[in-house]
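The chain contents come next:
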Amino acid sequence: MAYQDLSKFEARWLEPPDDTEEEIELERFIEEYTDPLYEELLDTAEKEGRELTAETETYFLSKWAREAEKLFRERLQLEKSFLLGA
(Lines give C-alpha, C1' and ligand atoms only; values in the text may rest on other atoms or scores of the structure.)
Protein backbone atom coordinates (compact mmCIF):
# COMPACT_ATOMS: atom_id res chain seq x y z
CA MET A 1 0.00 0.00 0.00
CA ALA A 2 1.38 3.39 -0.92
CA TYR A 3 2.05 5.91 1.84
CA GLN A 4 -0.44 8.40 0.39
CA ASP A 5 -3.18 5.76 0.50
CA LEU A 6 -2.98 5.48 4.26
CA SER A 7 -5.22 7.47 6.51
CA LYS A 8 -3.64 10.35 8.42
CA PHE A 9 -3.81 8.27 11.58
CA GLU A 10 -2.05 5.27 10.04
CA ALA A 11 0.54 7.42 8.28
CA ARG A 12 1.36 9.19 11.53
CA TRP A 13 2.68 5.95 13.00
CA LEU A 14 5.00 5.44 10.02
CA GLU A 15 6.72 8.80 10.39
CA PRO A 16 10.26 8.85 11.77
CA PRO A 17 10.48 9.07 15.57
CA ASP A 18 11.46 12.72 15.87
CA ASP A 19 8.77 13.63 18.37
CA THR A 20 9.53 16.12 21.05
CA GLU A 21 9.09 15.20 24.69
CA GLU A 22 5.82 17.16 24.71
CA GLU A 23 4.49 15.22 21.71
CA ILE A 24 5.42 11.93 23.36
CA GLU A 25 3.64 12.98 26.55
CA LEU A 26 0.62 14.06 24.52
CA GLU A 27 0.43 10.69 22.74
CA ARG A 28 0.66 8.89 26.08
CA PHE A 29 -2.01 11.15 27.60
CA ILE A 30 -4.35 10.57 24.66
CA GLU A 31 -3.88 6.82 24.96
CA GLU A 32 -4.51 6.84 28.71
CA TYR A 33 -7.60 9.01 28.19
CA THR A 34 -9.14 7.09 25.30
CA ASP A 35 -8.40 3.46 26.27
CA PRO A 36 -10.91 3.23 29.15
CA LEU A 37 -13.56 5.05 27.11
CA TYR A 38 -13.02 2.70 24.18
CA GLU A 39 -13.25 -0.36 26.43
CA GLU A 40 -16.49 1.00 27.88
CA LEU A 41 -17.83 1.55 24.35
CA LEU A 42 -16.98 -2.04 23.41
CA ASP A 43 -18.56 -3.39 26.61
CA THR A 44 -21.73 -1.37 26.07
CA ALA A 45 -22.03 -2.53 22.47
CA GLU A 46 -21.53 -6.13 23.56
CA LYS A 47 -24.13 -5.86 26.34
CA GLU A 48 -26.63 -4.36 23.89
CA GLY A 49 -25.82 -6.96 21.24
CA ARG A 50 -24.60 -4.38 18.75
CA GLU A 51 -21.60 -4.41 16.48
CA LEU A 52 -19.55 -1.26 16.16
CA THR A 53 -18.82 -0.06 12.67
CA ALA A 54 -15.40 1.29 11.76
CA GLU A 55 -17.04 4.69 11.27
CA THR A 56 -18.45 4.65 14.80
CA GLU A 57 -15.12 3.62 16.31
CA THR A 58 -13.27 6.28 14.33
CA TYR A 59 -15.81 8.93 15.30
CA PHE A 60 -15.51 8.26 19.03
CA LEU A 61 -11.74 7.75 19.05
CA SER A 62 -11.26 11.02 17.14
CA LYS A 63 -13.65 12.85 19.44
CA TRP A 64 -11.95 11.55 22.55
CA ALA A 65 -8.49 12.27 21.15
CA ARG A 66 -9.50 15.90 20.54
CA GLU A 67 -10.89 16.15 24.08
CA ALA A 68 -7.71 14.63 25.50
CA GLU A 69 -5.48 16.98 23.52
CA LYS A 70 -7.49 19.98 24.69
CA LEU A 71 -7.18 18.86 28.32
CA PHE A 72 -3.47 18.19 27.87
CA ARG A 73 -2.85 21.65 26.37
CA GLU A 74 -4.88 23.34 29.12
CA ARG A 75 -2.97 21.46 31.81
CA LEU A 76 0.35 22.31 30.17
CA GLN A 77 -0.62 25.99 30.00
CA LEU A 78 -1.62 25.97 33.66
CA GLU A 79 1.67 24.35 34.63
CA LYS A 80 3.62 26.94 32.64
CA SER A 81 1.60 29.79 34.15
CA PHE A 82 2.18 28.42 37.62
CA LEU A 83 5.92 28.07 37.06
CA LEU A 84 6.20 31.58 35.61
CA GLY A 85 4.12 33.07 38.40
CA ALA A 86 5.85 31.23 41.23
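For the structure itself, look to the data block above.
As the structure is a prediction and not an experimental result, all values here were calculated from the model.

Caption draft 1: Structural context of the pattern of salt bridges. Taken as a whole and assessed by the stated rule, the structure comprises five salt bridges. In this structure, Arg 73 engages Glu 22 in a salt bridge whose closest nitrogen and oxygen atoms are separated by 2.6 Å. In this pair, Arg 73 is assigned in helix H3 (residues 54-85) and Glu 22 in helix H2 (residues 21-47), connecting sequence segments 51 residues apart. By relative accessible area, which is 31% here, Glu 22 ends up partly exposed. A salt bridge links Arg 50 to Glu 48; the nearest nitrogen and oxygen atoms lie 3.4 Å apart. Note on Arg 50: relative accessible area 60%, which makes it exposed. Counted as one network, the salt bridges with shared partners bring together Glu 22, Glu 69 and Arg 73.

Caption draft 2: Layout of the packing of aromatic side chains. Scanning the model with the defined rule gives four aromatic pairs in all. Judged by centre distance (6.4 Å) and plane angle (20°), the ring pair of Phe 29 and Tyr 33 falls under stacked. Of this pair, Phe 29 and Tyr 33 both sit in helix H2, four residues apart, roughly one helical turn. Assessed through its relative accessible area of 25%, Tyr 33 is described here as partly exposed. Ring pairing ties together the aromatic residues Phe 29, Tyr 33 and Phe 72, which thus form one cluster.

Caption draft 3: Spotlight on H2. Taking 1.5 Å per residue, 27 residues should reach 39 Å; H2 reaches 39 Å between its end C-alpha atoms and fits that length. The largest bend in H2 amounts to roughly 25° and is located at Thr 34, with the proline Pro 36 lying one to four residues further along. For H2, the set of buried residues is Leu 26, Phe 29, Ile 30, Thr 34, Leu 41 and Ala 45. Those residues of H2 that are buried are in contact with H3. Where H2 ends, the next residue or the one after it, Gly 49, has phi of about 70°, a positive value.

Caption draft 4: Quick look at the packing of H2 against H3. Close contact between H2 and H3 brings their axes to 8 Å; oriented N to C, the two are set at 135°. Classified by the angle between their axes, H2 and H3 sit oblique to one another. H2 and H3 meet at a crossing whose hand is right-handed. Taken together, the residues of the contact of H2 with H3 break down into 15 nonpolar, one polar and eight charged.

Caption draft 5: Region of interest: the nonpolar core. In terms of nonpolar packing, the biggest core is built from six residues, these being Leu 26, Phe 29, Ile 30, Ala 68, Phe 72 and Leu 76. Elements that contribute at least two residues to this core include exactly H2 and H3. Residues in contact with Leu 26, not counting those within four places in the same chain, are Glu 69, Phe 72 and Arg 73.

About the criteria used
Residues numbered from 1 in each chain as written. Predicted model: local features only at pLDDT ≥ 70, side-chain atom pairs only at ≥ 80, totals over all residues. Heavy atoms only, no water. Salt bridge = Lys/Arg side-chain N within 4 Å of Asp/Glu carboxyl O. Helix = DSSP H or I, 4+ residues; strand = E, 2+ residues; numbered from the N terminus. Buried < 20%, exposed > 50% of the residue type's maximum accessible area, 1.4 Å probe, protein only. Phe/Tyr/Trp six-rings, centres within 6.5 Å; stacked < 30°, edge-to-face > 60°. Expected span 1.5 Å × (residues − 1). Bend = angle between axes of the 7 residues up to and from the residue. Contact = heavy atoms within 4.5 Å. Axes fitted to C-alpha atoms, helices over the stretch in contact; angles between N-to-C directions. Parallel < 35°, antiparallel > 145°, perpendicular 65-115°, else oblique. Left-handed = near helix turned anticlockwise from the far one by under 90°. Nonpolar A, V, L, I, M, F, W, Y, C, P; charged D, E, K, R; others polar. Core = buried A, V, L, I, M, F, W, Y, C linked by side-chain atoms within 4.5 Å.

Bear in mind that shape data such as this cannot, by itself, settle questions of function.
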